[in-house]
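# Coordinates in review
Here is how the chains run, residue by residue.
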Amino acid sequence: MTMLVRESDGTIREDVELRFGYDAAAMELSIGDETISVPAHPGDRPDAHWTMQKLGEKLAESGRQLIGCGTCARFQFSGMSRDMSAGTVGYCLRVGHRVKGGMVEITHRCGEHVYNEGWECSEAWNEEPVMQRRGAAHREARVSAFEGAMVGLAVGDALGFPCEFRSRDQIVASFPPNGVDGFVALHDPRWQGGVFIAGKEHPPGTFSDDTQMSLAVADGLLDVPSGEFDELMPAIAVRFVEWSRSDDNDRAPGSTCMTGCQNLAAGMSLRSAGVADSKGAGAPMRVVPIGLRFGRDREQLLKVARASSVLTHGHPAAIESSAAVALAVSLALYKQTPKTIHAALLEECGAASPELRRRLQQVPALLDAPPELALGPEGLGESWVAEEAVASALWCFWRSPADFRRTVLTAVNTIGDSDTIGCIAGGISGAFNGLDAIPREWREGIEDGARLRETGRRLHDLR
Ligand SMILES: [Mg+2]
């Protein structure tokens, strides 16, 4: 990854490259033609913290400092989390020197340029020209993540839409040898067993109610730029009612979602319109935009996601599953590892829902299981209910974090709620990998692709 070094005379070197192994155990820093190597920690466990400290000490011997930003980092190591996440790309880091102790530590995500108090590098040099150049690149990467999340959720949904209500065996028999591997129409003649979803004949790439409701949530968020909670929920409710009444609402909408919308339209309060004991997957399937909008404010993210569930689904499992999806997306934006995301979901959302906690706890042990087992009744369930959909989507993402295509195809070729697993997994993977990681034919073939991308950009700009 690229870094900056301040020489002893104050000049800034940009021809600096940091290389490291899988878990950052040993590091090698190139400054022009010079190479500085730091060995791995002598203990049993790799310790990037220690290694970075040694690197800083070596540089300090010649009066130099690591002070710049890393780009395209392959691991993250922030003040918030010390979890190593090898294998991720496009994530930027800020590096600074602690005033006391001279320890080098990555302190903040690059592109944001928020300095930690007590870190010497804050105003020691004029970083404006470098930061302007790098800031533009970082903005582009961040926007791509937002667009990727919106397009990604729709792609996963559209791939899964014709698979919904079909067993995995039926899907594979219709599209051998591995099931669908691209957009297929609901009425494609190759489907064995006929068509299970009533409505118009839609072309391949058509998304379902999952994406429609996600767009309704996004529009509600965009309607209230201030993000004020008391204004947001009515705005989202208005968008839900609009969607429920639209001519396009012919894509197997969930009955609980429709009941909630009808109650909202009839004037019931936001807190009582939802079906109190429903924990259907219709609640978590639509909250990816909340993760994008409030990625920097976890308290508000959780509050808004939970309240968005209550509009239609009042069961704690639905409420906490909605919070979990929004949180997962917000962490994926920052290239957090699936393991870190899993731990955060358990911590923030597992306590109030034993059902979600149990399903999330199952996920790591099933990572080596085949999809037909893990994404079925013997594994995480069929995902018609909220907590199963969240756990299943996370499982798909965890198995192939850097591979959007594999993640969503695993998600949709399942016995259960294919479009919803695909939608959630696609949103998380899209946020993690960015728009360009989505295969071109899907980016270009998805319904309303331009609108999805614009929605992602507008949500980004709201922050
Ligand atoms: Mg659907």
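Before reading further, recall that the structure is shown in the block above.
The notes below deal with the structure included here. Keep in mind the model is a prediction, meaning the values are calculated, not measured.

Bringing the overall build of the chain into the picture now. Scanning the chain from terminus to terminus reveals 17 helices and eight strands. Every one of the 463 residues in the chain was classed for burial, and the buried ones make up 58%. Look at the contacts in the chain between residues 6 or more apart in sequence, and 66% of them connect residues 24 or more apart. Total accessible area on the chain stands at roughly 18,100 Å², and carbon and sulfur atoms take up 48% of it.

Before going further, it helps to spend a moment on empty space enclosed by the protein. A complete count under the given rule lists two cavities of 30 Å³ or more for this structure. Computed from the structure, the largest cavity encloses a volume of approximately 40 Å³. Lining the largest cavity are F161, P162, V184, L186, H202, P203, P204, G205 and T206. Within the lining of the largest cavity, the residues separate by chemical class into six nonpolar, three polar and no charged. Approximately 30 Å³ is the volume attributed to the second largest cavity.

Here we come to the coordination of the magnesium ion. Only S208 (OG), D209 (OD), D210 (OD) and D419 (OD) from the protein coordinate the magnesium ion, and they sit 1.9 to 2.4 Å from it. Of note, the donors binding the magnesium ion are all from one chain and are spaced S-D-D-x208-D. Side by side, S208 and D209 carry an identical accessibility label, which is buried.

A surface patch of nonpolar side chains, about 270 Å² in accessible area, is lined by F165, F196 and W384. When you line up the elements, F196 lands in the loop between α3 (168-174) and α4 (209-223).

Time to look at the packing of aromatic side chains. A full pass over the atoms with the stated rule returns five aromatic pairs. Measuring from centroid to centroid gives 5.5 Å for F165 and W384, while their planes differ by 5°, and the two rings are stacked. Taken together, the positions of F165 in the loop between α2 (128-160) and α3 and W384 in the loop between α12 (371-374) and α13 (386-399) put the pair 219 residues apart, joining distant regions of the chain. With a relative accessible area of 39%, F165 lands in the partly exposed category. When the centroid spacing of 4.7 Å and the interplanar angle of 70° are considered together, the rings of F175 and W191 count as edge-to-face. With F175 in the loop between α3 and α4 and W191 in the loop between α3 and α4, this residue pair connects regions lying 16 residues apart in the sequence. Neither F175 nor W191 differs from the other in exposure class; each is buried. Among the aromatic residues, ring-to-ring pairing joins F183, F404 and W442 into one connected group.

The terminal C-alpha atoms of α13, which comprises 14 residues, lie 20 Å apart, in line with the 20 Å expected from a rise of 1.5 Å per residue. Counting buried residues in α13 gives 13 out of 14 residues, a clear majority hidden from the surface.

Another point: the pairing of strand β4 (residues 34-38). Regular strands place side chains that alternate from one sheet face to the opposite one. Alignment of strand β3 (residues 27-31) against β4, held across five bridges, turns out to be antiparallel. When the sheet's bridge partners are listed, I31 is paired in β4 with E34. Counting the residues between successive antiparallel strands, the hairpin from β3 to β4 contains two residues, one of them, G32, with a positive phi of roughly 60°.

Attention now goes to the nonpolar core. The biggest cluster of nonpolar side chains holds 104 residues, and the ones touching the most others in it are V155, I290, L345, W395, W442 and I446. Here V155 is in contact with F183, F404, I438, W442 and I446, once residues within four sequence places are set aside. In this structure, M27, L29, I31 and M52 belong to the second largest nonpolar core, which totals eleven residues.

By the element assignment, A402 lies in the loop between α13 and α14 (404-412). Classification of A402 by relative accessible area gives exposed; the value is 53%. When the C-alpha positions of A402 and G430 are compared, they lie 9.7 Å apart, and in sequence the two are 28 residues distant.

Three or four residues apart is the spacing at which side chains of an α-helix point the same way, because the helix has 3.6 residues per turn. An ideal rise of 1.5 Å per residue puts 20 Å on 14 residues; helix α17 (residues 449-462) measures up with 20 Å between its terminal C-alpha atoms. Every buried residue of α17 is listed here: G449, L452, T455, G456, L459 and H460. Viewed along the axis of α17, the buried residues span an arc of 135°, placing them on a single side of the element.

The subject of this paragraph is the packing of helix α5 (residues 229-245) against helix α6 (residues 255-265). Direction vectors running N to C along α5 and α6 enclose 115°, while the axes themselves pass 9 Å from each other. Taken together, α5 and α6 sit at an angle that is classed as roughly perpendicular. The way α5 lies across α6 gives a crossing that is left-handed. Contacts between α5 and α6 pair A237, F240, V241, W243, S244 and R245 from the former with M258, C261, L264 and A265 from the latter. When its residues are assigned to classes, the contact of α5 with α6 shows eight nonpolar, one polar and one charged.

Among the secondary structure elements, E388 is positioned in helix α13. Overall, the relative accessible area of 13% leaves E388 in the buried class.

Packing of α5 against helix α8 (residues 298-310) leaves a shortest axis separation of 11 Å and a crossing angle of 35°. Between α5 and α8 the crossing geometry is right-handed. Mapping the contact onto sequence places F229, L232, M233 and F240 in α5 and Q300, K303, V304, A307 and S308 in α8. Among the residues making up the contact of α5 with α8, the classes are represented as six nonpolar, two polar and one charged.

Put simply, P176 and P177 share a cis peptide bond, and its omega is 5°. The topology assignment puts P177 in the loop between α3 and α4. In this structure, S383 takes a positive phi of about 75° despite not being glycine. Looking at the element boundaries, S383 is found in the loop between α12 and α13. The phi torsion at D448 lies on the positive side, around 55°, for a residue other than glycine. Checked against the element boundaries, D448 lands in the loop between α16 (440-445) and α17. Assessed through its relative accessible area of 39%, D448 is described here as partly exposed.

Calculation rules
Residues numbered from 1 in each chain as written. Predicted model: local features only at pLDDT ≥ 70, side-chain atom pairs only at ≥ 80, totals over all residues. Heavy atoms only, no water. Helix = DSSP H or I, 4+ residues; strand = E, 2+ residues; numbered from the N terminus. Buried < 20%, exposed > 50% of the residue type's maximum accessible area, 1.4 Å probe, protein only. Contact = heavy atoms within 4.5 Å. Areas by Shrake-Rupley, 256 points an atom, 1.4 Å probe, with all protein chains shown as cover. 1 Å grid on protein atoms, 1.4 Å probe; cavity = no way out; pocket = protein on both sides within 12 Å on 5 of 7 lines; lining within 4 Å. Points joined across faces, edges and corners; volume = space filled by probe spheres on them. Nonpolar A, V, L, I, M, F, W, Y, C, P; charged D, E, K, R; others polar. Donors = N, O, S within 2.8 Å, 3.2 Å for Na, K, Ca; no water. Patch = residues over 30% accessible without salt bridge, like charges linked within 9 Å, V, L, I, M, F, W, Y side chains within 5 Å. Salt bridge = Lys/Arg side-chain N within 4 Å of Asp/Glu carboxyl O. Phe/Tyr/Trp six-rings, centres within 6.5 Å; stacked < 30°, edge-to-face > 60°. Expected span 1.5 Å × (residues − 1). Pairing = 2+ DSSP bridges. Core = buried A, V, L, I, M, F, W, Y, C linked by side-chain atoms within 4.5 Å. Arc of directions from axis to C-beta. Axes fitted to C-alpha atoms, helices over the stretch in contact; angles between N-to-C directions. Parallel < 35°, antiparallel > 145°, perpendicular 65-115°, else oblique. Left-handed = near helix turned anticlockwise from the far one by under 90°.

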